[in-house]
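Residue strings, one per chain:
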Amino acid sequence: MDLEKLTERQVANILAVFTLAAPFGVFWQGARSSVVETAIYASIWVLRFKNGSFYAFHIFDLGYTFTAVSTGVFNILFALQIIRCFKRDGSRRVAYVLGALTLLLPLWLGISMMLYVLENFGILLYMGPIPIQLALGLLILQKTEPKILTSPWNDEGETA
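1. A word on the overall build of the chain
A count of helices and strands for the chain gives 5 helices and 7 strands. Buried positions account for 37% of the 160 residues belonging to the chain. Sequence-distant contacts, at least 24 apart, represent 50% of the contacts inside the chain between residues at least 6 apart. On the chain, roughly 9,500 Å² of surface is accessible, and the fraction owed to carbon and sulfur atoms is 65%.

Right under this line is the structure:
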């Protein structure tokens, strides 16, 4: 796929699909009863396994959708900023900051949850992001022309 020939609408559609439907995170829990649960989830679906075997597939599972939306707010903002950069209407610096936050917020919340569950219940747990959307967004961002700033105090400026 030649990213330089994409239209704004195509970029918006690709980012919408990758923001909502691409795997967003992984959840792994090992319990005392030797049952291991794994879930791979996106904003709108979750694929669940028990002891390595397929267990369930849900669309709009309340718990995972809430987790994905609450920890994925920066993914949505990142996608919107990439679209703005592609239209030469947004700052790449803001896109990079939002991109970093797509990983930092889920990692911070995941580590907090892992420590809490381990300390209070003695259960080993892993929650973490899968940065597919981040990688795609950064790839698209590299194919956009940078904006030339006319003032050091704001991101308004002319395009190159």
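2. Details of the packing of aromatic side chains
Applying the stated criterion across every chain, the model contains 4 aromatic pairs. One residue, Lys50, lies across the ring of Tyr55, its end atom 4.4 Å from the ring centre.

3. As for the nonpolar core
Val11, Leu15, Ile82 and Ile140 are the most contacted members of the largest nonpolar core, which has 16 residues in total. Put simply, the parts of the chain that give this core at least two residues each are helix H1 (8–20), helix H3 (73–86), helix H4 (92–121) and helix H5 (132–142). Here this core takes 6 residues from H3, the largest share from any one element.

4. Concerning H4
Taking 1.5 Å as the rise per residue, H4 with 30 residues should run 44 Å; its terminal C-alpha atoms sit 43 Å apart, in good agreement. Taking the largest bend as the criterion, H4 deviates by roughly 25°, centred on Leu101. Residues of H4 that are buried: Ala95, Leu98, Gly99, Thr102, Leu105, Pro106, Gly110, Met114 and Val117. Residues of H4 that are buried sit in contact with helix H2 (62–71), H3, strand S5 (124–129) and H5. Two or three places before Arg93, at the start of H4, stands the capping residue Ser91, its side-chain oxygen 3.2 Å from that residue's backbone nitrogen. Immediately downstream of H4, the backbone of Gly122 shows phi near 70°, a positive value.

5. Observations concerning the side chain of Thr65
If you trace the backbone, Thr65 turns up in helix H2. Not counting residues up to four positions away in its chain, the partners in contact with Thr65 are Ser43 and Phe60.

6. Brief notes about unusual backbone geometry
Although it is not a glycine, Phe60 adopts a positive phi angle of roughly 55°. Note that Phe60 resides in the loop between strand S4 (53–59) and H2. Assessed through its relative accessible area of 55%, Phe60 is described here as exposed. Positioned with a positive phi, Arg88 is a non-glycine residue whose angle comes to about 60°. Checked against the element boundaries, Arg88 lands in the loop between H3 and H4. Residue Arg88 is classed as partly exposed on the basis of its relative accessible area of 39%.

What counts as what
Residues numbered from 1 in each chain as written. Predicted model: local features only at pLDDT ≥ 70, side-chain atom pairs only at ≥ 80, totals over all residues. Heavy atoms only, no water. Helix = DSSP H or I, 4+ residues; strand = E, 2+ residues; numbered from the N terminus. Buried < 20%, exposed > 50% of the residue type's maximum accessible area, 1.4 Å probe, protein only. Contact = heavy atoms within 4.5 Å. Areas by Shrake-Rupley, 256 points an atom, 1.4 Å probe, with all protein chains shown as cover. Phe/Tyr/Trp six-rings, centres within 6.5 Å; stacked < 30°, edge-to-face > 60°. Lys NZ or Arg CZ within 6 Å of the ring centre and 35° of its normal. Core = buried A, V, L, I, M, F, W, Y, C linked by side-chain atoms within 4.5 Å. Expected span 1.5 Å × (residues − 1). Bend = angle between axes of the 7 residues up to and from the residue. Polar contact = N/O pair within 3.5 Å; in protein donor to acceptor, adjacent residues only side chain to side chain.

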